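Structural overview for review
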Amino acid sequence: MGQQTLIYSFVARGTVILAEYTEFTGNFTGVAAQCLQKLPESSNRFTYNCDAHTFNYLVDNGFTYCIVAAESAGRNLPIGFLERVKDDFYKKYGKGKGATAGANSLKKEYGPKLKEHMRYCAQHPDEIDKLAKVKSQVNEVKGVMMENIEKVLDRGEKIELLVDKTDDLRSQAQDFRKQGTKIKQKMWYENMKIKLVVAFIVAVLVLLIILAICPHFKC
């Protein structure tokens with residue numbers, strides 16, 4: 001696979017191109033710049049097809065990495081190139097010059113490095129293809145892990161809500177128990193009052209009966 005498979009590359013901060021490199025002429029530079037203006041800011045990979053070329057972008061940590069390739073390059077070679085450049089550029093400039101550099105101010109310094117990466121990837125397509133596949137699998141596993149973590153966290157929130165509801169029910173049960181005890185005691189007192197009143201009435205009746213009988217028997 002020849003070097004012509006990788007045609008043009010650049011590194012940008014936001015929409016400001018900091019460094020670029022190409023050995024070819026064409027309108028692909030303008031198309032790549034127009035696509036850059038429309039990219040979402042979220043970290044992700046994006047690919048556009050136009051005139052038998054692919055415009056591949058990787059957005060990460062505020063920087064955008066681009067490679068324009070021939071469709072014959074396939075999918076993994078551009079991805080491998082972008083990952084390679086991302087790691088190299090961010091390590092060197094991500095927290096230094098890259099954060100403040102102006103348009104094309106790093107072209108002279110990092111342009112030759114882009115050329116080096118393009119040549120290496122074009123000359124070692126099998127190696128880059130394998131690395132891209134591994135990277136894709138790692139990202140896929142990472143995505144599944146993050147999804148599972150989110151599910152666990154979501155389940156944790158639901159468990160917390162369930163615990164809160166259980167505590168509320170327990171508290172309500174204690175309140176019902178206290179109220180039940182009070183009602184039971186109140187009913188016991190009322191029952192005792194009734195018994196005492198009945199006992200008093202019975203005693204009075206017995207006394208009246210005795211008083212009524214006694215005169216006849218001369219008590």
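What counts, and at which threshold
- Residues numbered from 1 in each chain as written.
- Predicted model: local features only at pLDDT ≥ 70, side-chain atom pairs only at ≥ 80, totals over all residues.
- Heavy atoms only, no water.
- Pairing = 2+ DSSP bridges.
- Helix = DSSP H or I, 4+ residues; strand = E, 2+ residues; numbered from the N terminus.
- Axes fitted to C-alpha atoms, helices over the stretch in contact; angles between N-to-C directions.
- Phe/Tyr/Trp six-rings, centres within 6.5 Å; stacked < 30°, edge-to-face > 60°.
- Buried < 20%, exposed > 50% of the residue type's maximum accessible area, 1.4 Å probe, protein only.
- Polar contact = N/O pair within 3.5 Å; in protein donor to acceptor, adjacent residues only side chain to side chain.
- pLDDT = per-residue confidence, 0-100.
- Contact = heavy atoms within 4.5 Å.
- Salt bridge = Lys/Arg side-chain N within 4 Å of Asp/Glu carboxyl O.

Side note on the sheet that holds strand E3 (residues 44-50)
With antiparallel pairing, the 5 strands of this open sheet are ordered in space as E2-E1-E5-E4-E3. Each edge of the sheet is formed by a strand with only one pairing partner; in this case those strands are strand E2 (16-22) and E3. Direction aside, neighbouring strands of the sheet carry axes that sit 15 degrees apart on average. As paired strands, strand E1 (residues 6-13) and strand E5 (residues 63-70) are joined by 7 bridges and run antiparallel to one another.

Focus: the packing of aromatic side chains
Scanning all chains against the criterion turns up 10 aromatic pairs. On the basis of an interplanar angle of 75 degrees and a centroid distance of 6.1 Å, the ring pair of Phe 63 and Tyr 90 is categorised as edge-to-face. With a gap of 27 residues between them, Phe 63 in strand E5 and Tyr 90 in helix H2 (residues 76-93) connect regions that are remote in the sequence. Here the aromatic rings of Tyr 93 and Tyr 110 are separated by 5.6 Å at their centres, their planes lie at 90 degrees, and the arrangement is edge-to-face. You can see Tyr 93 sitting in helix H2 and its partner Tyr 110 sitting in helix H3 (residues 107-123), a full 17 residues away along the chain. Judged by relative accessible area, which is 6%, Tyr 93 ranks as buried. The class for Tyr 110 is buried, based on a relative accessible area of 1%. In textbook terms, an aromatic cluster arises when at least three aromatic residues are bridged by ring pairs, as seen for Phe 63, Tyr 65, Phe 89, Tyr 90, Tyr 93 and Tyr 110.

Overview of unusual backbone geometry
Phi at Asp 51 is positive, roughly 50 degrees, even though this residue is not glycine. With respect to the element layout, Asp 51 can be found in the loop between E3 and strand E4 (53-60). In the Ramachandran plot, Asn 104 falls in the positive-phi region, its phi being about 60 degrees despite a non-glycine side chain. Here Asn 104 lies in the loop between H2 and H3. Exposure remark for Asn 104: the relative accessible area of 33% places this residue in the partly exposed category.

So, the side chain of Glu 83
Tracing the chain through its elements places Glu 83 in helix H2. Side chain to side chain, Glu 83 and Lys 86 meet in a polar contact 3.2 Å long.

Considerations on the pairing of E3
Taken together, the 7 bridges between E3 and E4 define a ladder with antiparallel strand orientation. Opposite Arg 45, over in E4, you have Leu 58 as the bridge partner.

Considerations on the confidence of the model for the protein
Looking at the protein as a whole, its pLDDT mean stands at 80, while 74% of the residues score no less than 70. Low pLDDT, under 50, characterises residues 142-146; the predicted model gives this stretch 0 contacts beyond four residues in sequence or across chains.

Concerning the pattern of salt bridges
As enumerated under the stated definition, the model contains 7 salt bridges in all. Across the salt bridge formed by Arg 45 and Glu 83, the nearest N and O atoms sit 3.7 Å from each other. Of this pair, Arg 45 sits in strand E3 while Glu 83 sits in helix H2, and the two are 38 residues apart along the sequence. The buried category is assigned to Glu 83, whose relative accessible area is 9%. The residue Glu 83 makes a salt bridge to Lys 86 at a minimum N-O spacing of 3.2 Å. Here the residue Glu 83 and the residue Lys 86 both occupy positions in helix H2, the gap between them amounting to 3 residues, near one helical turn. The two residues Glu 83 and Lys 86 agree in class, both being buried. A cluster of three or more residues bridged by salt bridges with shared partners is formed by Arg 45, Glu 83, Lys 86 and Asp 87.

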